[in-house]
Amino acid sequence: MEHSADDWTRGEVETELANILRDPEFERNPSVSRFLAFVVAETLEGRGARLKAFTIAVAVFGRDETFDAQNNSIVRVQAARLRQLLDAYYAGPGAGDPIRIEMPVGAYRLVISKSDAAPQDAPAALQDAPAALQDPPESLEDAPAASRQALAPLPDAAKAIEPPPPPRVSRLTVAALIAAALFAGLALWLANRPCPPGDWTRGRPTVSLRIASGPGDSTVLARLSDGLSRALGAFDNLIVTRSAAESRRDTPGAYELVVNAPASARAPRLSIDLLHKASGAVVWSGDYAAPADEEGMIAIAASAARAVADTHGALNMDMMRRAQPWPARPTGHLCILASLDAITHRVPEDVRRAFDCLEADIAAEPDSAYAQALLSALLVRRYLDAAPGALGPADLARATRLARESFDRDPQRARSAYALFLTRFYDKRFEEAFVAARRTLELNPNATLFAAQIGASYISRGDYAKGETLLAPLSALDRAAPSFLNAFTCLAAFMRDDETRFRSLARAVSMENGAIGLILRAIAAHRAGDREAVRQAAQKLSDKFPGVAADVPAAFDRYALAPEIVTKLRGEWRAVQADLDAR
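Note that the structure is predicted; figures quoted are calculated from it, not measured.

*Asks:* Any chance you could explain the sheet that holds strand E3 (residues 206–211) here in plain terms?
*Replies:* Pairing between the strands of a sheet comes from backbone hydrogen bonds, and it takes one of two forms, parallel or antiparallel. The strand order across the open sheet built from 5 strands is E4-E3-E5-E6-E7, with neighbouring strands paired in mixed fashion. Across the chains shown, the open sheet's two edge strands, defined by having one partner strand only, are strand E4 (239–241) and strand E7 (282–289). The mean inter-strand angle of the sheet, taken between neighbouring strand axes irrespective of direction, is 20°. When E3 meets E4, the two strands line up parallel, connected through 3 bridges. Residue Thr206 lies in a different strand from E4, and its bridge partner there is Ile239. Of the strands in this sheet, strand E5 (254–260), strand E6 (269–276) and E7 touch helix H11 (residues 294–309), which is tilted by about 160° from E7.

Next up, the structure:
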C-alpha cells in the first residue's frame, strides 16, 4: 500500500469510508459498497497488499471454494465499477474531502492519501504558473487539460504573492511574480466567462436538496426531502448531492431543489422549486397539497421527480437549452440526452446522431454501462424495423451482448435492467424479459420511457389490462410521452373491438413515428372507407420504415406480437393490400 505512516490515521480513513458509502451512487450499488468496505478493512489490518480475486469473491460476493477467477469476471467487473464510482465521487461531492481512497488499475490494493490542496485552496496547476505560461494558450480550448480543469476564482490570490524585501528582488523573481499575477488574472477571467458546452456537459448535472424555512411541519418536510432524494436518485441522468456545497456550483450543471411550506389561509400546501444555481433562475415550480399520510408523500415525491428528472423533464430540457448551439456530434452527458430523446421519439435523424455519439463514447470508454444500455436499446429498434435478411439478427445479437455487459457492470441501475428486458423480450424469452421488466420498475417506477415500453410489451403479448394500466397515466404527458405509446394503446382498442377509440387514436400524429402505428392507421382508414388515407398511411410506412413495408407479416414476428394479434392484423392487412392493389 502506497502511503506514509504519518499521512493519515485509521479514524480518518473510517470517516472517509462512511462519507463515501453515504453517497447516493454507492447507496444504489450495495455490492460495490460491500467491496469497498471489505478492501478498506483489509487494508487497515495490513492485508491490503495480499488481496486476490478469490478472497474477494468468497468474502464479498458469496462464491465458494470452486470459484475460478480466470473464467468468472465478477471481481474484475465490480472492481472497474468501483473505480468509476470513486472517480465520480472525488470529481463531485468528495472533491473537498481531506482523504482520498483510490484503487489503481491492475490490482485490488488501495492507495490512501491526504488531499494535496494548494494554500488557500488554489488549484494545483496554479502552483506551477511560470511553467504553464511558457507558451500561453490563446483560448481555454488550447490550454492543457490539467489547466482547464484547475482554473477557478482565487479571491485571495494577491495575498499569496507578497514580494520579498526590496534588496533581495531579482529580475527573475519580478518576472515570476508578474507571470503568476497574470496567470491568476487569467484564471479569474476564464472561470467567470460563459462555459462552452464541452467544459461542463461531460458529466451529469448535480441536484442538491434544501428545506426552506416556513410554517410547515419540519418533520413532514424532512421526510418529503428524503423521498425526493430517493425518487430523483433512481434516475440515471443526474447526481443527487447531500448539500449545495457538494454540487457543481461553478458550472451551469448545478441545480438546487427547494422544498418549502408557504403560509396560507387555506389548507396547508407545499411548493417545490428547481433552481439553476449559477443564474438563480427558477427552472420549474410545483405546487402540492400537504400530504396527509405516507402514501401522499410518496405520490408528491414521484410527481416532482418525474417533472424534474424524466427524459423530457425540466432539468434535461434546461441543460439542452443552455448547451445551444447543439453540437453536430454530442459527447458526454449531451450524448446521453440526445440518445434518450431518440429512443423516446424515434425521429430518424436523431436516431442516427445518437448512434454516432454512443459508438464514439463507447470507443473512448468501453466500460461505460450507461452508453452500452442506450446503444443496446437503439440496436433493438433498428432490428425491429430492418428489412428481412439485413443487419437485423446481428443487431439483436450485439444488443443482447451490450445489455448483458451493462447489467453486469451496473445491476442496480434501472436503465441496465431495461436494456436486459428489451433484448430478452424481442429474443422471445418472455419469462426472463418480464422478470427484468419488474426489476426495472422496482429500481425506477417513475421513468416514463421504461413504464411505456413495458406497458407496450404487455399489450403485445395480449395482456391488455396490465399494459393499459401502465400506459394510461402517461397519455397526458404530451412531449414527454414516448411516440409508441399511442400505437400500443390503439392496438389494445383494436383487439378489444373498441372501434370508436381505435379510429380516434389511429388519427394521432404520433402514430406516424412507428411502423405499428402506421399499419393501424391504414387499417382504420380502410374500415372507414377512406382510400386516400389508406394510400397516405401505406406511403409513409414505405418511406419511413421500408424494411417493415417490404414484408409486414415478418415484422409482426419481429415485434413479438401474440398469435391472436398476428392473426387479426394479417387478415386486416390483406384487406388493406387488396384496397391498394385495386387502385
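Read on, since the account is not over.
*Asks:* Can you walk me through the packing of aromatic side chains in this structure?
*Replies:* Remark: the centre distance and the inter-plane angle together describe each pair of aromatic rings, the angle taken between the planes. Taken as a whole and judged by the stated rule, the model has 12 aromatic pairs. Ring centres of Phe425 and Tyr426 lie 4.9 Å apart, and the angle between their planes is 85°; this geometry places the pair in the edge-to-face category. As far as burial versus exposure is concerned, Phe425 and Tyr426 are alike and both buried. Aromatic pair Phe434 and Tyr458: ring centres 4.5 Å apart, planes at 20°, arrangement stacked. Separated by 24 residues along the polypeptide, Phe434 in helix H18 (residues 430–443) and Tyr458 in helix H19 (residues 448–460) bring together distant segments of the chain. On the accessibility criterion, Tyr458 (10% relative accessible area) is buried. Aromatic ring contacts, followed pair by pair, group Tyr418, Phe421, Phe425, Tyr426, Phe430, Phe434, Phe450 and Tyr458 into a single cluster. In this arrangement the basic side chain of Arg415 is found over the ring face of Tyr370, its NZ or CZ atom lying 4.6 Å from the centre. Just above the ring of Phe430 sits the side chain of Arg461; from NZ or CZ to the centre is 3.9 Å.

*Asks:* Whenever I open this one, the side chain of Glu42 confuses me. Can you help?
*Replies:* Residue position: Glu42 is located in helix H3 (residues 30–44). Those residues in contact with Glu42, other than ones at most four positions away along the chain, are Arg47, Gly48 and Leu51.

*Asks:* Teacher, can you tell me more about the packing of helix H15 (residues 369–384) against helix H17 (residues 414–426) here?
*Replies:* What describes two packed helices is the angle between their axes and the distance between those same axes. Running from N to C, H15 and H17 cross one another at 25°; their axes reach a closest spacing of 9 Å. It follows from the interaxial angle that H15 and H17 lie roughly parallel. At the point where H15 passes H17, the crossing takes the left-handed sense. From H15, Ala369, Tyr370, Ala373, Ser376, Ala377, Val380, Tyr383 and Leu384 reach across to H17, where they touch Arg415, Ser416, Tyr418, Ala419, Leu422, Thr423 and Tyr426.

*Asks:* Could you clarify how one ought to interpret the state of the cysteines in this entry?
*Replies:* Each disulfide consists of one covalent bond between the sulfur atoms belonging to two cysteines. Evaluation of the coordinates by the stated rule reveals 1 disulfide. Each disulfide pairs two cysteine sulfurs, and for Cys335 the partner residue is Cys357, the sulfurs being separated by 2.1 Å. Looking down the S-S bond of the Cys335 and Cys357 bridge, the torsion is 85°, so its handedness is right-handed. Of this pair, Cys335 sits in helix H13 (residues 332–345) while Cys357 is found in helix H14 (residues 348–364), placing the two residues 22 residues apart along the sequence. By relative accessible area, Cys357 is classed as buried at 0%.

The rules behind each value
Residues numbered from 1 in each chain as written. Predicted model: local features only at pLDDT ≥ 70, side-chain atom pairs only at ≥ 80, totals over all residues. Heavy atoms only, no water. Pairing = 2+ DSSP bridges. Helix = DSSP H or I, 4+ residues; strand = E, 2+ residues; numbered from the N terminus. Axes fitted to C-alpha atoms, helices over the stretch in contact; angles between N-to-C directions. Contact = heavy atoms within 4.5 Å. Phe/Tyr/Trp six-rings, centres within 6.5 Å; stacked < 30°, edge-to-face > 60°. Buried < 20%, exposed > 50% of the residue type's maximum accessible area, 1.4 Å probe, protein only. Lys NZ or Arg CZ within 6 Å of the ring centre and 35° of its normal. Parallel < 35°, antiparallel > 145°, perpendicular 65-115°, else oblique. Left-handed = near helix turned anticlockwise from the far one by under 90°. Disulfide = S-S within 2.5 Å.

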